[in-house]
Amino acid sequence: MKVLVVGSGGREHALAWKIASDPRVDSVIAAPGSAGIAQVAACADVAVDDVEGLARLARDAGVDLTVVGPEAPLAAGLVDRFRADGLRVFGPDAGGARLEASKAFMKQILVDAGVATARYGEFGDVEAARRFARDLGAPLVVKADGLAAGKGVVVCEDLETADQAIASMLEQGVFGEAGRRVVVEEFLVGEEASFIALCDGRSVVALAPSQDHKAVGDGDRGPNTGGMGAYSPAPVVDDALAGEITSTIIEPTVATLRDRGIDYRGVLYAGLMIHEGKPKVLEYNVRFGDPECQPLMVRLRSSLVDLIEGCVEGDVSGIEVEWNAGAAVCVVMAAGGYPGSYEKGTAISGIEAAGAHEGVEVFHAGTTRDGDGTWRTAGGRVLGVTAGADTVETAVRRAYTAVENIHWDGVHYRRDIAHRALSRQ
Ligand code: AMP
Ligand code: GLY
C-alpha cells in the first residue's frame, strides 16, 4: 500500500520511518516532507495548509491511507475534504479538531464528560475575566482560546500579571483571532505526563505514557520551547493509572464527542497533571506530541499502519499494542538562540556516526542537505536523537553517546532528559 504523511518535522520523520518499515507498505510520500524525511519517503512539494493540493496529491498518486502530523490542517478541515472525496485518512474532522483549536470548547467537553480538569471561566470581556481571576486568586493561568503556536498560555504568579495577560489578549489582540476569547483557570500542581490514545470513533487503544521537557534549560529552567526532549514510558503513570486514565478520561471524552455527532477517528493526546496519583486534564491535542512521537515510534513493535487502519475502519477494540524496547529517550538538539531568534544554514557533522549506534535513530526536525551531502540547520529544533533500550538508563546513555558525535556552531541541548524517570529508580 501507499501511505501519505502530511508534515515536515521530527514527529513526521518518526511516523514516516515507522510506516516505511512496515511490510505491508510499498512506499511512503511526505508532503512537504524534508531533507531528513527524504531518507525514508518521496517528498512532494505541497504545503500542510493546502488542503485542496493534498487531496489532489492523494488522488493522483493513488494513496491508500493519509496520516496527518500537525493540528493546523486538521482544524482547517483536511479530513472533511478527504472523507468527502472517499480518501482514507487518519485524524479528526474540523469539528473534532476543535478540542485543540478552542480551549473553551475543550473545557466544555471535559465538563460534559465529567472529566477532572482545572476550574475555569471563559470570557470575551476584560472586566469579567479580571473579576473571575480575583475569585480564583493567584497563582492562576490565562489562556488564549484559539491556536497560538504554543504561546497562548500564561502562567501568572500574581493578579497583576493575570490582568496584563487578559488585556494583552482581549484588548491588544496579541494573538489576533485566537485571543478574542480567553480561558482563565486554576493553577494545578503536580507532575505532567502525556497520554496518547488512538481512537476509532467509539473504542480507543492507549499508547504507552510519555513525558516531554518543555523548558529550554536543565532542571526545567528558562523559557518554554516546542519540546527539548521526551521519553517513554513515564513511570508516574503506572499500568493501573493508565487504565484509569483510559476509562475515566479518554473513553468518556470520545463518547461525549460522539453524543455531539463527532466521529472522532484519530489521535487523542491528553496533557495531564498528576497530583497524588490523581490525573487532571490540562489540555487536549488532536495529533501526536512532538517530540513524544519519536520515542513512541522507536518503542512500538506493533504495526502502526494496522493500528491506524483499525481506527479509520472503525474497529480498534481488542487490538493489543506491543512494545519493543523497554524504554526510549529522545534528546532534541537545537540551534543557538532557540527558542529566541536563531541562525539557519550552519553545517552539521556527525549525523551518520550518531545513527550508527545500536538502538539509535536520528530524526530530523529542521535540516536541509547540500548537493554534496552536507547537512545544514534549517530550524530551531534541528535533530531528535532517539534511542531505545531495555532500560531507561541504557536508553539515556545511548542517546547521549550518539549526541556527542554531532556538532555544529551554537548547538545546544539539555543534558537531563528523562531525569524524572531516572530519579524514581
Ligand atoms: P497547555 O497548552 O494548555 O498545555 O499549556 C502549556 C503548559 O502550561 C502546560 O504544559 C503546563 O506546563 C502549563 N499549564 C497549563 N495549564 C495549567 C494549569 N491549569 N496549571 C498549571 N500549569 C498549567
Ligand atoms: N510536546 C508537546 C506537544 O506536542 O504539544
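Residues numbered from 1 in each chain as written. Chains lettered and ligands numbered in written order. Predicted model: local features only at pLDDT ≥ 70, side-chain atom pairs only at ≥ 80, totals over all residues. Heavy atoms only, no water.

1. Comments concerning the overall build of the protein chain
Condition: Strands are runs of DSSP state E lasting at least 2 residues, helices are runs of H or I lasting at least 4, and numbering of each runs from the N terminus. Atoms considered for the radius of gyration are the C-alpha atoms alone. The globule rule reads 2.2 Å times the number of residues to the power 0.38. Exposed residues in this analysis have more than 50% of their type's maximum accessible area, buried residues have under 20%, and partly exposed residues fall in between, with area computed by a 1.4 Å probe over protein chains only. Between two residues, a contact is recorded if the distance between any of their heavy atoms is within 4.5 Å. Only the protein chains shown count as cover for residues, and all accessible areas are computed by the Shrake-Rupley method using a 1.4 Å probe. Asp and Glu are treated as the negative residues and Lys and Arg as the positive ones, with His and the ends of the chain left uncounted. Taken as the charge location is NZ of Lys, CZ of Arg, CG of Asp or CD of Glu.
Helices and strands together make up the secondary structure of the protein chain, namely 14 helices and 23 strands. The C-alpha radius of gyration of the protein chain comes to 21 Å, within 12% of the 22 Å expected for a compact globule of 425 residues. In terms of overall dimensions, the protein chain has a C-alpha envelope of 60 × 45 × 45 Å along the principal axes. For the protein chain, the proportion of its 425 residues judged to be buried stands at 57%. Contacts in the protein chain between residues far apart in sequence, at least 24 positions, make up 69% of those at least 6 positions apart. With an accessible surface of roughly 16,600 Å², the protein chain has 46% of that area assigned to carbon and sulfur atoms. Taking the average place of the 41 positive charges on the side chains of the protein chain and the average place of its 61 negative ones, the gap between the two points comes to 1 Å.

2. Things to note about the side chain of Arg-414
Tracing the sequence through the fold places Arg-414 in the loop between α13 (392-403) and α14 (419-423). Setting aside residues no more than four positions away along its own chain, Arg-414 makes contact with His-213, Ala-215, Val-216, Gly-217, Asp-218, Gly-219, Asp-220, Met-228, Val-331, Tyr-400 and His-419.

3. Details of the pattern of salt bridges
Under the convention used in this document: A carboxyl oxygen of Asp or Glu within 4 Å of a side-chain nitrogen of Lys or Arg is what we treat as a salt bridge.
In the structure shown here, the tally under the stated rule is 32 salt bridges. Residue Arg-130 is joined to Glu-127 by a salt bridge in which the shortest nitrogen-to-oxygen separation is 4.0 Å. Remark: Glu-127 and Arg-130 occur in helix α7 (residues 126-136); sequence separation between them is three residues, near one turn of the helix. Here Arg-130 falls in the partly exposed class, since its relative accessible area comes to 22%. The salt bridge partner of Lys-143 is Glu-185, with a shortest N-O separation of 3.0 Å. Of this pair, Lys-143 sits in strand β7 (residues 140-144) while Glu-185 is found in strand β9 (residues 182-186), placing the two residues 42 residues apart along the sequence. For the pair Lys-143 and Glu-185, a shared accessibility class is recorded, and that class is buried. Among the charged side chains, a network of salt bridges with common partners joins Arg-24, Arg-88, Asp-306, Glu-309 and Glu-313.

4. Concerning helix α5 (residues 94-101)
For clarity, the cut-off: Relevant arc is that of directions from the helix axis to the C-beta atoms, nothing else.
Inspection of α5 places Gly-96, Ala-97, Leu-99 and Glu-100 among the buried residues, and these make up the whole buried set. Along the axis of α5, the buried positions cluster into a sector of 120°, meaning they face one direction only. Elements in contact with the buried residues of α5: α3 (71-75), α6 (103-113), α9 (239-259), β16 (267-275) and β17 (278-285).

5. Description of the sheet that holds strand β8 (residues 153-156)
Operational definition: By definition, two strands form a pair when at least two bridges between them are found by DSSP. Fitted lines through C-alpha atoms give the axes, limited to the stretch in contact for helices. The angle between two N-to-C directions lies from 0 to 180 degrees.
With antiparallel pairing, the four strands of this open sheet are ordered in space as β6-β9-β7-β8. At either end of the open sheet lies a strand with only one pairing partner, and these are β6 (120-123) and β8. Pairwise comparison of adjacent strand axes, ignoring direction, gives a mean angle of 20° for this sheet. When β7 meets β9, the two strands line up antiparallel, connected through five bridges. Counted as the bridge partner of Val-142 is Val-184 from β9. α7 contacts β6, β7 and β9 of the sheet and is inclined by roughly 10° relative to β9.

6. Looking at the packing of α6 against α9
Formally: Angular relationships are summarised with four words: roughly parallel below 35 degrees, roughly antiparallel beyond 145, roughly perpendicular across 65 to 115, and oblique for the angles in between. Each residue gets one of three labels, nonpolar for Ala, Val, Leu, Ile, Met, Phe, Trp, Tyr, Cys and Pro, charged for Asp, Glu, Lys and Arg, and polar for the others, Gly among them.
Relative orientation of the contacting elements α6 and α9 amounts to 105°, with a least axis distance of 9 Å. Considering the angle they form, α6 stands roughly perpendicular to α9. Along its contact with α6, which presents Phe-105, Ile-109, Leu-110, Asp-112 and Ala-113, the element α9 presents Pro-252, Thr-253, Thr-256 and Leu-257. Taken together, the residues that form the contact of α6 with α9 break down as six nonpolar, two polar and one charged.

7. Focus on unusual backbone geometry
Here the bond from Ala-31 into Pro-32 is cis, since omega is -5°, no more than 30 degrees from zero. Within the fold, Pro-32 resides in strand β2 (residues 27-32). The omega torsion of the bond from Tyr-338 to Pro-339 falls at 10°, within 30 degrees of zero and hence cis. Tracing the sequence through the fold places Pro-339 in the loop between β18 (327-334) and β19 (347-348). The phi angle at Glu-276 is positive, at roughly 50°, despite the residue not being glycine. For Glu-276, the location among the structural elements is in the loop between β16 and β17. On the basis of relative accessibility, which here comes to 72%, the residue Glu-276 falls in the exposed class.

8. A closer look at the sheet that holds β17
The four strands lie next to each other as β11-β10-β16-β17, forming an open sheet whose pairing is antiparallel. At either end of the open sheet lies a strand with only one pairing partner, and these are β11 (204-206) and β17. Recorded for the sheet is a direction-independent mean angle of 35° between the axes of neighbouring strands. Taken together, the three bridges between strand β10 (residues 191-199) and β11 define a ladder with antiparallel strand orientation. Each bridged residue has a counterpart across the sheet, and for Leu-198 the counterpart in β11 is Val-205. In the packing of α9 onto the sheet, the strands contacted are β10, β11, β16 and β17, and the crossing angle to β17 comes to about 45°.

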